[in-house]
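Fold and contact review
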Amino acid sequence: MTYCAAIRLKDGMVFASDTRTNAGVDHISTFRKLYQYGIEGERVMVLQTAGSLATSQAVFTKLQNDIDQHYESNLNTALTLFDAAQMVGECMRNVMNHAKQVANDNDGSRFTSSFMLGGQIKGQPHELYMIYPEGNCIRATKDTPFFQLGESKYGKPILDRSVTYDTDIQHAARALMLSFDSTIHSNLSVGMPIDFVIYNSDSLERPEGRRIDESDDYFNEIRRQWSKSLRNILVELPEYPDNYWNK
């Protein structure tokens, strides 16, 4: 299992992915699930994934090889971010179909992956796409500014309550940190380190990003204050009236 989330805001975008893969309680590994592509000053793209690790890595590798080999069609030549999302979907379908043929598995459900692609091409707005295992995609809107992949249910309430399209990008980043904290607390299959990227709209610069691990002082302070605040607000909530439970 994994947890990835991305938020499209008025002033930019925030991306985060955990790095844990789990094939049983005695087989836990760390693999990157967030990659960046682009040309400085011309385009920036962030690609995240959840699902079959073999499929995801094959897609990442193929997309990078297409760039390195200067193929006519690659992420650095896509005219729009939608075209790039279509390219990722097609690559994923090809990888999955090949895996099914090799394994002689008509179902192929164990080879499925999903992706999120966000970024900006010069002269165009920044965008975020969810790419499904079938290869089709949807775009984040002002009404639905964030997408999640993997173990999403524990971190979704925080984002639902605190993030809108107009939210300040730093506030959204903290909300996403707390979304991961809640997920890690509730599900052992999601774990640190977390790859975190913040992109400022129209900068067209590939963000350096940050890998947050268990020793990260700021993340630990955020999660400590969040837990403390939850306990305090629970105490401060109004008491229920007499005979409340008897009606």
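One structure accompanies this document, and this report is about it. Just so it is clear, the structure is predicted and the values come from calculations on it, not from any experiment. (Residues numbered from 1 in each chain as written. Predicted model: local features only at pLDDT ≥ 70, side-chain atom pairs only at ≥ 80, totals over all residues. Heavy atoms only, no water.)

Some points on a nonpolar patch on the surface
A grouping of Leu 230, Ile 233, Leu 234 and Leu 237 is seen on the molecular surface, where their side chains present a nonpolar patch of about 390 Å² in accessible area. Looking at the secondary structure, you find Leu 234 in helix α5 (residues 217–236). (Patch = residues over 30% accessible without salt bridge, like charges linked within 9 Å, V, L, I, M, F, W, Y side chains within 5 Å. Areas by Shrake-Rupley, 256 points an atom, 1.4 Å probe, with all protein chains shown as cover. Salt bridge = Lys/Arg side-chain N within 4 Å of Asp/Glu carboxyl O. Helix = DSSP H or I, 4+ residues; strand = E, 2+ residues; numbered from the N terminus.)

So, the sheet that holds strand β6 (residues 43–51)
Pairing within the open sheet is antiparallel, and its five strands lie in the order β5-β6-β7-β8-β9. Among the strands making up the open sheet, the edge pair consists of β5 (34–39) and β9 (137–139). On average, each strand axis in the sheet is inclined to that of its neighbour by 20°, with strand direction left out of account. Looking at chain direction, β6 and strand β7 (residues 113–121) are connected through nine bridges and run antiparallel. (Pairing = 2+ DSSP bridges. Axes fitted to C-alpha atoms, helices over the stretch in contact; angles between N-to-C directions.)

Concerning the pairing of strand β11 (residues 194–200)
Counted residue by residue, β11 has five buried out of seven residues, so it is predominantly covered. With seven bridges joining them, strand β2 (residues 12–18) and β11 adopt antiparallel strand pairing. The partner of Val 14 across the bridge, within β11, is Ile 198. As judged from the three bridges shared by β11 and strand β12 (residues 210–212), these two strands associate in the antiparallel manner. Bridge pairing links Asp 195 to Arg 211 in β12. (Buried < 20%, exposed > 50% of the residue type's maximum accessible area, 1.4 Å probe, protein only.)

Here's the deal with the pattern of salt bridges
Within this structure, the stated rule accounts for 10 salt bridges. The partner of Asp 216 in a salt bridge is Arg 210, with the nearest N and O atoms 3.0 Å apart. Relative accessible area serves as the criterion here: at 8%, Asp 216 is assigned to the buried category. Here Arg 224 and Glu 221 are joined by a salt bridge, their closest N and O atoms 2.7 Å apart.

What about the nonpolar core?
Of all hydrophobic cores here, the largest spans 24 residues; its most connected members are Leu 75 and Leu 117. At the level of secondary structure, the elements contributing two or more residues to this core comprise β6, α1 (53–68), α2 (81–103), β7 and β8 (127–131). In terms of residues, this core owes the most to one element, α2, which gives nine residues. (Core = buried A, V, L, I, M, F, W, Y, C linked by side-chain atoms within 4.5 Å.)

Quick look at the packing of α1 against α2
One way to put it is that α1 packs onto α2 with a least axis distance of 9 Å and a crossing angle of 125°. Classified by the interaxial angle, the pair formed by α1 and α2 is oblique. Here α1 runs over α2; the crossing is right-handed. Along its contact with α1, which presents Thr 55, Ala 58, Val 59, Lys 62 and Leu 63, the element α2 presents Val 88, Cys 91, Met 92, Val 95 and Met 96. By residue class, the composition of the contact of α1 with α2 is eight nonpolar, one polar and one charged. (Parallel < 35°, antiparallel > 145°, perpendicular 65-115°, else oblique. Left-handed = near helix turned anticlockwise from the far one by under 90°. Contact = heavy atoms within 4.5 Å. Nonpolar A, V, L, I, M, F, W, Y, C, P; charged D, E, K, R; others polar.)

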